[in-house]
Structure formats: structure tokens, C-alpha cells
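The primary structure of each chain is shown beneath.
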Amino acid sequence: MKTLLNLPSRQKMYDALVRRDSEFEGVFYVGVKTTGVFCRPTCSARKPKLANVEFFPTSRDALAGGFRPCKRCQPMRAPGASPEWLGNLLQQVDQEPNRRWRDRDLVAIKLEPTRVRRWFKANHGMTFQAYSRARRLGLALQKLHARQQSTTDAAFDHGFESLSGFREAFQQWFGHAPSAATATESAIVVDRILSPLGPMIVAATDQGICLLEFADRRMLEKQFLRLRQRFRRPFALGSNRFIAQLEAELGRYFAGELTKFTVPLDQRGTEFQQLVWERLLKIPFGQTISYDGLARDIGLPNGQRAVGRANGDNPISIIVPCHRVIRSDGTLCGYGGGLWRKQWFLNHEGKRVEG
């Protein structure tokens, strides 16, 4: 069984359990001796006493310890996975992607609009109506790019009640008017991928992956702004072959079966940022480098701070392994996804090398 080496202390984990701290999702699971179940740190069930709990680094370890999954927080489900009560709605959205949804439509299928809105805000960063509208706009964009529809047809075929409303929504989402969409311009497609450490947002061009970030990262909005400035392309919800390849490779990475990603990247930045990011890609799996060492390697021995900023600006986490950069004394710092995730990655990769 894996140990809790380098993870928070027993008291710290218990305190996180009591306050239902989402920062610790994926870091540990807690087995309750009095009930025989194990839970996530964020479980809303009544909290047991410290003497009655046992902590585990993975759900598999909790099962091996003789505990069964909690029915309330469902710890075997990937963080961010859609709950059962939402399944019917998501299925209908896939079947009718051009449908315009209103609150009364949700009530008609026995869903509380506030509950739906809250889940989408927490997991997609937007309301359900905004999510649905973005999907419709993405489909309309595809038709306009391929010159398969006029602006008027695209508007009314994709659930918009007026041409002016379609133009306004299109301008706000893509940054330009529908008339500016051409067959030669391809959108950056954006999708959501689940991981054991929480949902991630991925974006890709027709050349490769250009963004991979945890959905709860504070810098995410700024990263999208930078992408729009660097690529000068609109965004559209969707997927492509690079996102499909990445999802498969991430699954193997988290399962401990992959040590090197092969999915193509389309990463753009300043000349200095590119220099730092290229060096990051050369850090071997299971190894780390200090900010000082990274600065020396690129010929800037006094550029630790500049290297740190470029490291923090890296828009493609995990694949471009900025989590493998640490202080000279071995301590952790500077990870936008949270230091607990950085520690998890280092433990995960280090264990694979040792095994």
C-alpha cells in the first residue's frame, strides 16, 4: 500500500475534512471506522472524530483497507464528473445541440434551474444557458467557415430568435462579427477533460494542443485572453483529434503507464518564454531542476525571477512539466494549479521511477 509520505499531516488532513476544503480533492480519502465507508475531503456527511478516521492517498487504497464508497460523495467517480441527476439533460443537449434552453424547459424535465446553474458554474465556469449558447455558436461558426450557410440561416437554424441577437452573441464570444468568419480561418476548439485531480480545460488548434489547465486555476481567464491575442482566432466548444489523443495519453499518465507525451503542441509566446518552455520539455520524467539550474541552462545565470515568470506563464501544464521546477533547497513554490497538485505530480512520477 502506498504511504502518505510528503502529504499533509494527519491533523491538517482532518482539519481540511472538517471544513470540506476543495483544495484537498484528490490529495487524500478518508475512511470512517464507525460506518465502514470512505469519503472525499468535501463530503457533506456528518464529520467523525479524528480517532475514528483513517486516511488514504487513493480510492484504491481505501477499498483495499476494507472500506466501501460513500453513496453521498461518490469517491470512486472522477472529480467534476457529471452527477446522475444531470444525465438526462446532458443527453438531450447532445441530441438537440441547436435547441435554445430556458428555465421552464428544465422544470419540465424535473430539474431545478438554480441547481443546474450552480453545477455548471462550478464545473464549466459559466451558466447552463451560457454553455448551451456557446455550443450553438460553435456549430454556427463551423457552418460559416465552410460557407455552408448565410449569416441569417446560421442564426435561425441554431436557436437564435433574431439576427441582431445572433450577431451580438457572436461578437461577444468570438471577438468578431459573423461576416468576418471565413473558410480559411479555423477556430481554437475548447473542451473539458476529467482527471483524478479535478476537471481540466483543454484547447487545441489544427496544429496541436495550445492550452491545458485545471478548471479552478485563477489564471485561466488570463490564459484565454493571451491565446486570443497570440493566435487571433475565435474559440468554439468542441474537440479534434489532438484533444482525443491528449485525453487518452492523460489517462495512461495518471494510471502510471505513460512517462512521455507524444501529442503535438502549438505553443506560442515570446522568444524568451519559448526558450524556457523548450527547456522544460527536456526535464526527464521523475526528475526535477531548480530555478537557478534552469536559468543557467538557458544562458541567464542571474535570471531566476524571469525564468520563474515564464514558468508560471506556461499554458500547457503536465505535458510541459513546469511542476518539475523547484527551489534550490528542494522546497516547492510557484504552481498555478496549487502546491498540493505539484506535490502529487512529483510523488506520482517519483514513485514510477523507483518502481
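(A) Focus on the nonpolar core. Residues I209, L246, L280 and F345 are the most contacted members of the largest nonpolar core, which totals 56 residues. Aside from chain neighbours lying at most four places away, what touches F345 is L197, F214, Y253, F254, I318, H323 and Y335. One finds W101, L106, L111 and W119 within the second-largest nonpolar core, a separate group that totals 14 residues.

(B) Local environment of the sheet that holds strand 3 (residues 53-56). Spatial strand order, 3-1-2-4: four strands in an open sheet with mixed pairing. Sheet topology places strand 3 and strand 4 (68-69) at the edges, where each strand pairs with a single neighbour. Where strand 2 (residues 37-39) and strand 4 come together, two bridges link them in parallel fashion. Considered in strand 4, the bridge of V37 is made with R68.

(C) Geometry of the confidence of the model for the chain. Summing up the model confidence of the chain, the mean pLDDT is 83 and the portion of residues at 70 or higher is 90%. Confidence drops under pLDDT 50 across residues 1-6; counting only partners more than four residues distant or on other chains, this segment forms 14 contacts.

(D) Spotlight on the pairing of strand 1 (residues 29-32). Covered by surrounding structure in strand 1 are Y29 and G31 together with V30 and V32, the residues of both alternating faces. Note that strand 1 and strand 3 share four bridges and pair antiparallel. The residue bridging V30 from the neighbouring strand is F55, located in strand 3. Two elements, strand 1 and strand 2, share three bridges in a ladder whose sense is antiparallel. Bridging from a neighbouring strand, V32 pairs with V37 of strand 2. From the end of strand 1 to the start of strand 2, which pair antiparallel, there are four residues, and G36 there has a positive phi angle of about 80°.

(E) Looking closely at empty space enclosed by the protein. Applying the stated criterion across every chain, the model contains one cavity of 30 Å³ or more. Around the largest cavity, the lining residues are E213, R217, N311, G312, N314, S317, C322, G334, Y335 and G336. Classifying every residue of the lining of the largest cavity by side-chain character gives two nonpolar, six polar and two charged.

(F) Broad picture of the sheet that holds strand 6 (residues 200-204). One open sheet holds the four strands; their spatial order is 7-6-5-8, and the pairing between them is mixed. Both edges of this open sheet fall to strand 7 (209-214) and strand 8 (235-237), since each of them pairs with a single strand only. When the angles between neighbouring strand axes are averaged without regard to direction, this sheet yields 25°. Helix 10 (residues 241-254) rests against strand 5 (188-193), strand 6 and strand 7 of the sheet, and its axis sits at about 25° to strand 5.

Conventions adopted
- Residues numbered from 1 in each chain as written.
- Predicted model: local features only at pLDDT ≥ 70, side-chain atom pairs only at ≥ 80, totals over all residues.
- Heavy atoms only, no water.
- Core = buried A, V, L, I, M, F, W, Y, C linked by side-chain atoms within 4.5 Å.
- Buried < 20%, exposed > 50% of the residue type's maximum accessible area, 1.4 Å probe, protein only.
- Contact = heavy atoms within 4.5 Å.
- Pairing = 2+ DSSP bridges.
- Helix = DSSP H or I, 4+ residues; strand = E, 2+ residues; numbered from the N terminus.
- pLDDT = per-residue confidence, 0-100.
- 1 Å grid on protein atoms, 1.4 Å probe; cavity = no way out; pocket = protein on both sides within 12 Å on 5 of 7 lines; lining within 4 Å.
- Points joined across faces, edges and corners; volume = space filled by probe spheres on them.
- Nonpolar A, V, L, I, M, F, W, Y, C, P; charged D, E, K, R; others polar.
- Axes fitted to C-alpha atoms, helices over the stretch in contact; angles between N-to-C directions.

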